[in-house]
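# Working through the structure, step by step
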Amino acid sequence: MLHRIDHVRRMARFYSVEIRPTLFGEWAVRREWGRIGGASRAIQHTVATRAEAERLAAERLALKRRRGYVPVAGAGSSTGP
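Notes on the structure in this doc start here. Computed from a predicted structure; not experimentally measured.

## Observations regarding the pairing of strand β4 (residues 40–47)
Pairing geometry for strand β3 (residues 27–35) and β4, over 8 bridges, is antiparallel. Considered in β4, the bridge of Trp-27 is made with Val-47. Between β3 and β4, which pair antiparallel in sequence order, lie 4 residues; one of them, Gly-37, sits at a positive phi of approximately 85°.

Written out as structure tokens, the structure is:
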């Protein structure tokens, strides 16, 4: 879970990534984003292997960190089992 808060610009956003297995032996990477306390949007990508899912999740999180998002303290791991 990442947050980007800028009081001057009245910005309070979140971004989360979760990896979990599907019922068909594949892996799902679910991304969710939006305003903190407001409506959110989500998208899910399905990939063949856990390694591919972890790579995709790491790429997205790195991109958001470059854009100013920071990890939320105590949010825990979002990589699933």
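## Observations regarding unusual backbone geometry
Of note, the phi angle at Arg-10 is positive, near 55°, even though the residue is not glycine. Tracing the backbone shows Arg-10 in the loop between β1 (2–6) and β2 (11–21). Among the residues examined, Arg-10 registers a relative accessible area of 72% and is labelled exposed.

## Here we look at the pattern of salt bridges
As enumerated under the stated definition, the model contains 4 salt bridges in all. Linking Glu-18 and Arg-20 is a salt bridge whose minimum nitrogen-to-oxygen distance equals 3.8 Å. Given a relative accessible area of 34%, Glu-18 falls into the partly exposed group. A salt bridge links Glu-59 to Arg-55, with the nearest nitrogen and oxygen atoms 2.7 Å apart.

Rules used in this analysis
- Residues numbered from 1 in each chain as written.
- Predicted model: local features only at pLDDT ≥ 70, side-chain atom pairs only at ≥ 80, totals over all residues.
- Heavy atoms only, no water.
- Pairing = 2+ DSSP bridges.
- Helix = DSSP H or I, 4+ residues; strand = E, 2+ residues; numbered from the N terminus.
- Buried < 20%, exposed > 50% of the residue type's maximum accessible area, 1.4 Å probe, protein only.
- Salt bridge = Lys/Arg side-chain N within 4 Å of Asp/Glu carboxyl O.

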